[in-house]
Amino acid sequence: MADTNQADAPLEAGVFAEQEPPPSVLHLLNQSNRRLERLLQNLRNEHNAESELRDIARDVIHAVELNPDIALACIFLCQIAGSYAVRHCIETAVVVVVIARSQNKNPVETLTVTAAALTMNVGMLRHNETFQNKNTPLSSEEIAIVRRHPEESADMLKYAGIQDDEWISCVLLHHENDEGSGYPAGVASPEVTLNAKLLSLADRYCAQVSARNYRRSILPDQALRNLIDDKVAPVDPTLVQCFQRELGDFPPGALVRLANGEIGVVSRRQGGAGGLQVHCLRDPAGASLSPAVQRSTADQACAIAQVLSEDEASIRFSMKQIWGAQASL
């Protein structure tokens, strides 16, 4: 006869076993960034890179699908480690996925434009750190490198085994404008594809909200205004509407002061009664709130009065403190 206690042991173990924590969005994005950096740095020696690049793109898409608010917050809270050149591609890919999902793009198309975001600047990768560290304007030779990089990126991808025409097209066209003022070829609409326009807008937006060696990041509400009001390179109105709806002036990760004087971080785009959710970390007098207090901007007293820079907010916190295990490292 079997030992009763022994027979019950697996059942008890199952009952009392701790549940597996949910996958961390922050960990997935940082892992993707490390893989991408290694691959792009060696792309000139690769001849069959498409499979691994698609795998990295799938991981970025998976991270956004797990929790788009955390994925976006990683951008605004500068939580993706590594060189600016590669981090910028990951951040752009996150925004691309958020917008592509809002447009109900099919999985194949979403994967393609995400992969294009990850590889759009590979032709300029070895120059990027030099450009980042400059305290003077770019020389004419350096400007020529910038203007050639879509072509060089497309050529490198083809050499590395990328055969997807739409992927290559997005990379080649992501700095072209509808009216023909872009580069490298001055292509005009309708030749500039919708996916290339999506990549272009995400690229420009992320470039503004990310800090550089030579300037601070631009606050998200101003970055959005800059895109909307751009007279040099007007953007597609349908895309603008998507950015306004999905990101808005106060995306997750934005540091804000509420009408009641509290300071916190936007944690969800959809909070109670249609408002945003804010985790407040300082009271009106500047004292720490521990634990953080959740507010909904649907409450008039908790409406957002101002977006703050990191220095203005003067708060320190971990993403895990706000979003839990899905934002842990």
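- Looking at an unreviewed UniProt entry, the chain carries the name HD domain-containing protein, with the source organism given as Rugamonas rivuli.

A word on the pairing of strand β2 (residues 263–268)
Phase 1 of the analysis: With five of its six residues buried, β2 lies for the most part within the structure.
Phase 2 of the analysis: Linking strand β1 (residues 255–258) back to β2 in an antiparallel pair, the connection comprises four residues, with Gly261 at a positive phi of about 95 degrees.

Things to note about the pattern of salt bridges
Phase 1 of the analysis: Tallying each qualifying case throughout the model produces 17 salt bridges.
Phase 2 of the analysis: A salt bridge links Asp164 to Arg54; its shortest N-O distance comes to 2.9 Å. In this pair, Asp164 is assigned in the loop between α8 (140–159) and α9 (165–173) and Arg54 in helix α3 (residues 50–66), connecting sequence segments 110 residues apart. Take Asp164 and Arg54: they sit in the same class, and that class is buried.
Phase 3 of the analysis: Note that Asp230 and Arg204 form a salt bridge whose closest N and O atoms lie 2.9 Å from each other. Of the two residues, Asp230 sits in the loop between α11 (220–228) and α12 (237–246) while Arg204 sits in helix α10 (residues 194–209), which places them 26 residues apart along the sequence.
Phase 4 of the analysis: By sharing partners, the salt bridges in this structure join Asp69, Arg245, Glu246 and Arg269 into a single network.

Calculation rules
- Residues numbered from 1 in each chain as written.
- Predicted model: local features only at pLDDT ≥ 70, side-chain atom pairs only at ≥ 80, totals over all residues.
- Heavy atoms only, no water.
- Buried < 20%, exposed > 50% of the residue type's maximum accessible area, 1.4 Å probe, protein only.
- Helix = DSSP H or I, 4+ residues; strand = E, 2+ residues; numbered from the N terminus.
- Pairing = 2+ DSSP bridges.
- Salt bridge = Lys/Arg side-chain N within 4 Å of Asp/Glu carboxyl O.

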